Number of protein chains: 2
Amino acid sequence: MRGGSEAPRVRSRAVVLVSGGMDSCVSAAIAVRQHEAALLHVSYGQRTEGRERAAFEAIADHYAVERRLAVRLDLLSAIGGSCLTDRAIEVPPADLSREGVPVSYVPFRNTHLLAAAVSWAEVLGAGAIYIGAVEEDSSGYPDCRRVYYDAFNRLIEVGTKPGARLRIETPLIDLGKAEIVRLGLDLAAPFDLTWSCYRSEERACGACDSCALRLRGFAGAGATDPIRYA
Amino acid sequence: MRGGSEAPRVRSRAVVLVSGGMDSCVSAAIAVRQHEAALLHVSYGQRTEGRERAAFEAIADHYAVERRLAVRLDLLSAIGGSCLTDRAIEVPPADLSREGVPVSYVPFRNTHLLAAAVSWAEVLGAGAIYIGAVEEDSSGYPDCRRVYYDAFNRLIEVGTKPGARLRIETPLIDLGKAEIVRLGLDLAAPFDLTWSCYRSEERACGACDSCALRLRGFAGAGATDPIRYA
């Protein structure tokens, strides 16, 4: 970590899922203070996968993490069913008061991401997995709720080698976007390196759900988002 | 199904995981009698993936299933940790009295397979997922136990769209290998099209755990295995 000055000590290993978005960046900022972090990124055929992958590498460079793994998962776009993975379904304009599960929901996506993290964690002997999931102030995805992570921790308990002692950590699950921005600023998380937009890889559109949530978070924190918008 | 003569009726849809081995073949034989089956195969860089994929296609042809999906998952071999996915780790000779989790265990593998099945089932509107997991008479993998599938069903409940009403079915979980052979013979399951060997894609080695379990099953059922051994 840049500017870290703690005394050296033996730190337990953690796998940190880093999509490249602002939440995963803050989750990584928390994890690297407490663990020897291994950063994991999954490209799954989403529209902005190249830009997100670049954000992942930039965040990993920022924290000088050598142990990093970027993997491809082609099956989610083969399966489709989401505007993020199926080019025939348009990304709708933001509607943060919408009820129900939005069309950007990628069916059961976080289970694929966490499964990759658990497989890697078993091989690395890691004791924790970090994911920047947010329950309340999010897009209404079922796999971003605390109840889902509780169920996943049970699955890990019974589905991995005895003695694996591995837990998922969701440090942001109860925070609003403005709180996440404030926390990230406190931790000097490199928001300038992150990418959230669902639509564009050049300038963020500012108009999709993900941009709208991000902008509302920075506004609520009284801060300026360092990335550029169209 | 060949020789099927049931009266036509509306049947619910199910996603059936078919590795190409004998257990998944019997699981498919059960599923196609009760559901409109969609067959799913996942290649994950295992040593015999080409032969297993061919077995999958042959089984799907046998049951005249048009809705089939074969996907690749490269991340498990990128992660390694198993003799099936890491060429540097040798497949040991069979030892069915071994205690503990064997080196053929692919960390958290079944979660990846089931995640693919759930994602596809959500898009298809399927109500069930079939997997030929066996608990007692198996290789000692943690993700082949009933307690794991109970935990996975809970994960589906909380991690999919409300109203998905999707359940994993494990029709073989409590059976021994000999019972599975007998059941398969009763259902005219095409064992001749299946592949179980961990090592070879030509003639089955007859000497790895998977061959040994299979041969013990046929012997226990007083039947002859129709595939050829080295």
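Our structure is the block above this text.
Now for a look at the structure at hand. (Residues numbered from 1 in each chain as written. Chains lettered and ligands numbered in written order. Predicted model: local features only at pLDDT ≥ 70, side-chain atom pairs only at ≥ 80, totals over all residues.)

A few points about the interface of chain A and chain B
Note the cut-off: Any two residues are considered in contact once their C-beta atoms, placed from the backbone, lie within 7 Å. Secondary structure follows DSSP: runs of H or I at least 4 residues long count as helices, runs of E at least 2 residues long count as strands, and numbering of each begins at the N terminus. Charged residues are taken to be Asp, Glu, Lys and Arg, nonpolar residues to be Ala, Val, Leu, Ile, Met, Phe, Trp, Tyr, Cys and Pro, and polar residues to be all remaining types, Gly included.
At the junction of the two partners, chain A supplies 36 residues and chain B supplies 36 residues. Where the side of chain A that touches chain B is concerned, the elements lending two or more residues are strand 3 (68-72), helix 3 (75-79), helix 4 (109-124) and helix 5 (146-159) of chain A. The element contributing the most residues to the side of chain A that touches chain B is helix 4 of chain A, with 9 residues. Of the residues contributing to the side of chain A that touches chain B, the split by class is 22 nonpolar, 7 polar and 7 charged.

Some thoughts on the sheet that holds strand 1 (residues 13-17) of chain B
All names here are of chain B. Our working definition: Note: two strands are recorded as paired if DSSP finds a minimum of 2 bridges between them. In this analysis an axis means a line fitted to C-alpha atoms, helices contributing only their contacting stretch, and an angle means the value between N-to-C directions, from 0 to 180 degrees.
Read across the sheet, 5 strands follow the order 3-2-1-4-5 without closing on themselves; strand pairing throughout is parallel. Since the sheet does not close on itself, it has two edges, and those belong to strand 3 (68-72) and strand 5 (167-169), each with one partner. Strand-to-strand twist in this sheet, taken as the mean axis angle between neighbours without regard to direction, amounts to 25°. Looking at chain direction, strand 4 (residues 128-130) and strand 5 are connected through 3 bridges and run parallel. If you follow Ala 128 over to strand 5, its bridge partner there is Arg 167.

A look at the relation of the copies chain A and chain B
The condition that has to hold: The least-squares superposition of copies is restricted to C-alpha atoms, and to residues with a pLDDT of at least 70 in both copies.
Under the fitted operation, chain A is carried onto chain B by 0.0 Å of movement along the axis and a turn of 180°, and the coordinates agree to an RMSD of 0.0 Å. As the rotation angle and translation indicate, the two copies are arranged about a two-fold axis. In this assembly, 100% of the residues forming the interface of chain A have copies in chain B that are likewise at the interface, indicating an isologous arrangement.

Examining the sheet that holds strand 3 of chain A
Within a sheet, each strand pairs with its neighbour through backbone hydrogen bonds, oriented either parallel or antiparallel. All names here are of chain A. Strand order across the open sheet formed by 5 strands is 3-2-1-4-5, with parallel pairing between neighbours. Each end of this open sheet is capped by a strand with a single partner; those strands are strand 3 and strand 5 (167-169). Each strand of the sheet is rotated relative to its neighbour by a mean of 25°, with strand direction disregarded. Bridging between strand 2 (residues 36-43) and strand 3 involves 5 bridges; their strand directions are parallel. Each residue of the ladder has a partner; that of Leu 40, found in strand 3, is Leu 69.

Some words on the nonpolar core
Note the threshold: When buried Ala, Val, Leu, Ile, Met, Phe, Trp, Tyr and Cys residues are joined through C-beta atoms within 7 Å, the set is termed a nonpolar core. Partly exposed residues are those falling between the two cut-offs: more than 12 but fewer than 20 other C-beta atoms within 10 Å of their own, whereas 20 or more means buried and 12 or fewer means exposed, with C-beta atoms placed from the backbone.
Within the largest apolar cluster, 147 residues are counted, with the highest numbers of intra-cluster contacts made by Val 16 and Ile 129 of chain A together with Val 16 and Ile 129 of chain B. Apart from the residues within four sequence positions on either side, Ile 129 of chain A is in contact with Ala 14, Val 15, Leu 17, Leu 114, Ala 117, Val 118, Ala 121, Leu 166, Ile 168 and Glu 169 of chain A.

So, unusual backbone geometry
Residues and elements named next belong to chain A. Here the phi dihedral of Arg 165 falls at roughly 50°; this positive angle occurs in a residue that is not glycine. Tracing the sequence through the fold places Arg 165 in the loop between helix 5 and strand 5. On the basis of neighbour counts, which here come to 13 C-beta atoms within 10 Å, the residue Arg 165 falls in the partly exposed class.

Re the pairing of strand 1 (residues 13-17) of chain A
Residues and elements named next belong to chain A. Quick reminder of the rule: With the strands pointing away from the viewer, any crossover whose connection runs clockwise from the first strand over the helix to the second is right-handed.
Across the 5 residues of strand 1, 4 count as buried, placing the element largely inside the fold. Pairing analysis gives 5 bridges linking strand 1 to strand 2, with the strands arranged parallel. For Val 16, the partnering residue across the bridge sits in strand 2 and is Leu 39. As a crossover connection, the stretch from strand 1 through helix 1 (residues 22-34) into strand 2 is right-handed. Of the pairings in the sheet, the one linking strand 1 to strand 4 (residues 128-130) comprises 3 bridges and is parallel in character.

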